[in-house]
Amino acid sequence: MSTWKSDYVQVNGLKLHYTRTGGTEPPLILVHGFTDDGLCWTPVAEALQADFDIIMPDARGHGFSEAVESGYGPAAQASDL
């Protein structure tokens, strides 16, 4: 986990945070549930990082991502991804 990268990306007018394991393997995005953040996937990412570049975003309004007043439905969150 010490070599994992944590950064932000601008998406749909929002600043969204993500953590990724890095590497040259195929990317795999793990999406958290309603009350979590991306790092809830840490044990899974540790198990899969040899085979995938795991990307764990914080959804809008979660973790270190920017919060907005509205737009938390599945369509908006899917668009963010």
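Relevant structure appears above.
The text that follows walks through the structure, step by step, so that each part is easy to find. (Residues numbered from 1 in each chain as written. Predicted model: local features only at pLDDT ≥ 70, side-chain atom pairs only at ≥ 80, totals over all residues. Heavy atoms only, no water.)

### Thoughts on the packing of aromatic side chains
Then, in step 1: A complete count under the given rule lists zero aromatic pairs for this structure.
Then, in step 2: The lysine or arginine in question, lysine 15, covers the ring of tyrosine 8, its NZ or CZ lying 4.5 Å from the ring centre. (Phe/Tyr/Trp six-rings, centres within 6.5 Å; stacked < 30°, edge-to-face > 60°. Lys NZ or Arg CZ within 6 Å of the ring centre and 35° of its normal.)

### Observations concerning the nonpolar core
Then, in step 1: In this structure, Trp4, Leu30, Ala45, Ile54 and Met56 together form the largest nonpolar core, which totals five residues.
Then, in step 2: Excluding anything up to four places from it in sequence, methionine 56 contacts Trp4, Tyr18, Thr19, Leu30, Gly38, Trp41, Thr42 and Ala45. (Core = buried A, V, L, I, M, F, W, Y, C linked by side-chain atoms within 4.5 Å. Buried < 20%, exposed > 50% of the residue type's maximum accessible area, 1.4 Å probe, protein only. Contact = heavy atoms within 4.5 Å.)

### Quick look at the pattern of salt bridges
Then, in step 1: Applying the stated criterion across every chain, the model contains three salt bridges.
Then, in step 2: The partner of aspartate 7 in a salt bridge is lysine 5, and the shortest N-O contact between them spans 4.0 Å.
Then, in step 3: The exposure class of aspartate 7 is partly exposed, given its relative accessible area of 31%.
Then, in step 4: On the basis of relative accessibility, which here comes to 43%, the residue lysine 5 falls in the partly exposed class.
Then, in step 5: With a closest N to O distance of 2.6 Å, aspartate 80 and arginine 60 form a salt bridge. (Salt bridge = Lys/Arg side-chain N within 4 Å of Asp/Glu carboxyl O.)

### Structural notes on the sheet that holds strand β4 (residues 53–57)
Hydrogen bonding along the main chain pairs the strands of a sheet, whether they run parallel or antiparallel.
Then, in step 1: Overall, mixed pairing links the four strands, which are arranged β1-β2-β4-β3 in an open sheet. Taken across any chain shown, the strands that pair with only one partner, and hence form the sheet edges, are β1 (5–11) and β3 (27–29). Across this sheet, the average inter-strand angle for adjacent strands is 30°, counted without regard to direction.
Then, in step 2: In this sheet, strand β2 (residues 14–20) lies alongside β1 in antiparallel orientation, the contact comprising seven bridges. Each residue of the ladder has a partner; that of valine 11, found in β2, is leucine 14. (Pairing = 2+ DSSP bridges. Helix = DSSP H or I, 4+ residues; strand = E, 2+ residues; numbered from the N terminus. Axes fitted to C-alpha atoms, helices over the stretch in contact; angles between N-to-C directions.)

### A look at the side chain of serine 65
Then, in step 1: As for its position among the elements, serine 65 is in the loop between β4 and α2 (74–80).
Then, in step 2: By relative accessible area, serine 65 is classed as buried at 9%.
Then, in step 3: One polar contact links the side chain of serine 65 to the main-chain amide nitrogen of histidine 17, over a distance of 2.8 Å.
Then, in step 4: One polar contact links the side chain of serine 65 to the main-chain carbonyl oxygen of aspartate 58, over a distance of 2.5 Å.
Then, in step 5: Once residues lying within four places of it in the same chain are set aside, the contact partners of serine 65 are Lys15, Leu16, His17, Asp58, Ala59 and Arg60. (Polar contact = N/O pair within 3.5 Å; in protein donor to acceptor, adjacent residues only side chain to side chain.)

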